[in-house]
Amino acid sequence: MAELPDAGPTKGAPTTPATDVYPRKILEYMEGFLISKTVFTSCELGVFDVLLAAERPLSAEEISQAVGASLDGTQRLLAACAGLQLLNTHWDNGQVFYSNTEQSRVFLTRSSPLSLCQSIQYSSRTIYLCWHYLTDAVREGRNQYEKAFGVSSKDLFQALYRSDEEMVKFMHLMNSIWNICGRDVVTAFDLMPFKVICDLGGDFFKDSLPVADLYILARILHDWTDERCIELLCRIYKACKPGSAVLLVEALLNEDGSGPLTAQLYSLNMLVQTEGRERTGAQYAALLAASGFTNIQHRLTGKIYDAVLGHKET
Ligand code: ASE
C-alpha cells in the first residue's frame, strides 16, 4: 500500500484514502521487462513471420508447430501478445485464431524493409545482458562488458565488436533504427549546399579522413568522453576546407536534462555499454566550438534522433 500524501492538518475529520493511491506507474515500471521479454521471445521464435507467411489467422497449435515450441508455452505467449495489441484475435466456434496487426506486420517481421527484428535481437542478446549490471555501472561509473561478456573493455570497439557476429548484429541495429529515423534527421537542415558528403565510420581516430564538404557523425559522439569527442572533431576540423560542416545525429537531452525519457534512458545505456553519454544541444555546441566550429545550430525532429550542424568558417 502506498503512503498517502501529507494532506496537512486535519480538523478532526477522518482522512479518507484518495482513490488514486494504487501505485499504477510503479507497478508498470517494476514489471516493464516482462513486456520487453515477451516481444523479444515472440520475435526470436518467429511468431510474426509464421503469421505473415500463412496469410490467414492461425490457431495456437498451428503456430506452436511452425515455430517448434510447446503448445502450452505458445498459447500463453500468444495471449500476452494479444494483450499487448501486437496480435489480433479471431474467434470461430469457440476456438481462437491469431493474425498480425498492421504494426507487427511492418515492424516485427524479418523480411519487412522496416523490420525492427535486428534491433530487438540486439536488445535481447546484448543490451539486456549489460543492463543486468546497471547497479554496478552506476556505482562504478563505467561500462559492464567484463562482467556481462567476459571481454576487456579497455578498447571500446574491441568490446563492442568482440566477434564478427557481434559486429554485424550491432551494424544491423544501427541500420534498422536509421530506416525509421533517418529521413527526419537528414531533412532537418538544408544539406543542398554540400556536394560531397561523408558518413563517418571505421577507425576515425586513426585513419586519414576523406575530403568532403559535410561529415556526418551519426551516434558517434555519444560513445565517447568530452576529451575524445574534441579530439575527433579537431581531426575533422583540420582535415576539411573552409565552408565545410559537420552534422551530428544524436538523441538530444533537454537543456535542463528533464527529458525526453528516451534520451535519459539511452544515456544510462551509454553508461553500461560505452564510454559516453547523451548530451544537450548546448553540450554538443560546446564540443564543436572547442574544436573550432562556428555558426552551430540544432534542430529537434520529435522522433528519437535530432541533428546539430556546425561550420568551418570560410
Ligand atoms: C551506440 C549506439 C547504441 C553504442 C551502443 C549502443 C545503441 C544501443 N547500443 O553508439 C542504439 C541506441 N539505443 C540505446 C538503447 O541506447
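Residues numbered from 1 in each chain as written. Predicted model: local features only at pLDDT ≥ 70, side-chain atom pairs only at ≥ 80, totals over all residues. Heavy atoms only, no water.

Asks: Which residues make up the environment of Ala307, and what values go with them?
Replies: By the element assignment, Ala307 lies in strand E8 (residues 306-311). Exposure remark for Ala307: the relative accessible area of 0% places this residue in the buried category. For Ala307 and Ile230, which are 77 residues apart along the polypeptide, the C-alpha to C-alpha distance reads 18 Å. Apart from the residues within four sequence positions on either side, Ala307 is in contact with Val185, Ala188, Phe189, Leu247, Leu248, Gln297, His298 and Arg299. (Helix = DSSP H or I, 4+ residues; strand = E, 2+ residues; numbered from the N terminus. Buried < 20%, exposed > 50% of the residue type's maximum accessible area, 1.4 Å probe, protein only. Contact = heavy atoms within 4.5 Å.)

Asks: Give a detailed account of the nonpolar core, specifying residues and quantitative values.
Replies: Residues Leu217, Ile236 and Leu247 are the most contacted members of the largest nonpolar core, which totals 59 residues. Per-element accounting of this core gives the leading share, 6 residues, to helix H11 (residues 164-186). When sequence neighbours within four positions are dropped, the list of residues in contact with Leu247 reads Phe189, Leu191, Leu214, Tyr215, Ile216, Leu217, Ala307, Val308 and Leu309. Counting residues in hydrophobic clusters, the runner-up holds 21 residues, among them Val39, Cys43, Val96 and Ile120. (Core = buried A, V, L, I, M, F, W, Y, C linked by side-chain atoms within 4.5 Å.)

Asks: Give a description of helix H2 (residues 32-45) that names residues and reports values.
Replies: With 14 residues, H2 extends 21 Å between its outermost C-alpha atoms, agreeing within 8% with the 20 Å of an ideal straight helix rising 1.5 Å per residue. Taken together, the buried positions of H2 are occupied by Thr38, Val39, Phe40, Ser42 and Cys43. Structurally, H2 contributes buried residues whose contacts are with helix H3 (47-54), helix H5 (71-83) and helix H7 (117-131). Two residues or fewer past H2, Gly46 is found with a positive phi of approximately 85°. (Expected span 1.5 Å × (residues − 1).)

Asks: Would you mind going over the sheet that holds strand E2 (residues 87-92) in detail, with residue names and values included?
Replies: Strand order across the open sheet formed by 3 strands is E1-E3-E2, with antiparallel pairing between neighbours. What marks the edges here is a single partner per strand, and that holds for strand E1 (58-59) and E2. For E2 and strand E3 (residues 95-100), the ladder comprises 6 bridges, and the chain directions are antiparallel. Bridge pairing in E3 places Asp92 opposite Gln95. (Pairing = 2+ DSSP bridges.)

Asks: An account of unusual backbone geometry is requested, with residue identities and associated values reported.
Replies: In this structure, Pro260 follows Gly259 across a cis peptide bond, with omega equal to -15°. Backbone geometry places Glu55, a non-glycine residue, at a positive phi of 60°. For Glu55, the position within the fold is in the loop between H3 and E1. The class for Glu55 is exposed, based on a relative accessible area of 74%. Phi angles above zero are rare outside glycine, and Arg219 is one such case at about 55°. Along the chain, Arg219 turns up in the loop between strand E5 (214-218) and helix H12 (226-239). Given a relative accessible area of 6%, Arg219 falls into the buried group.

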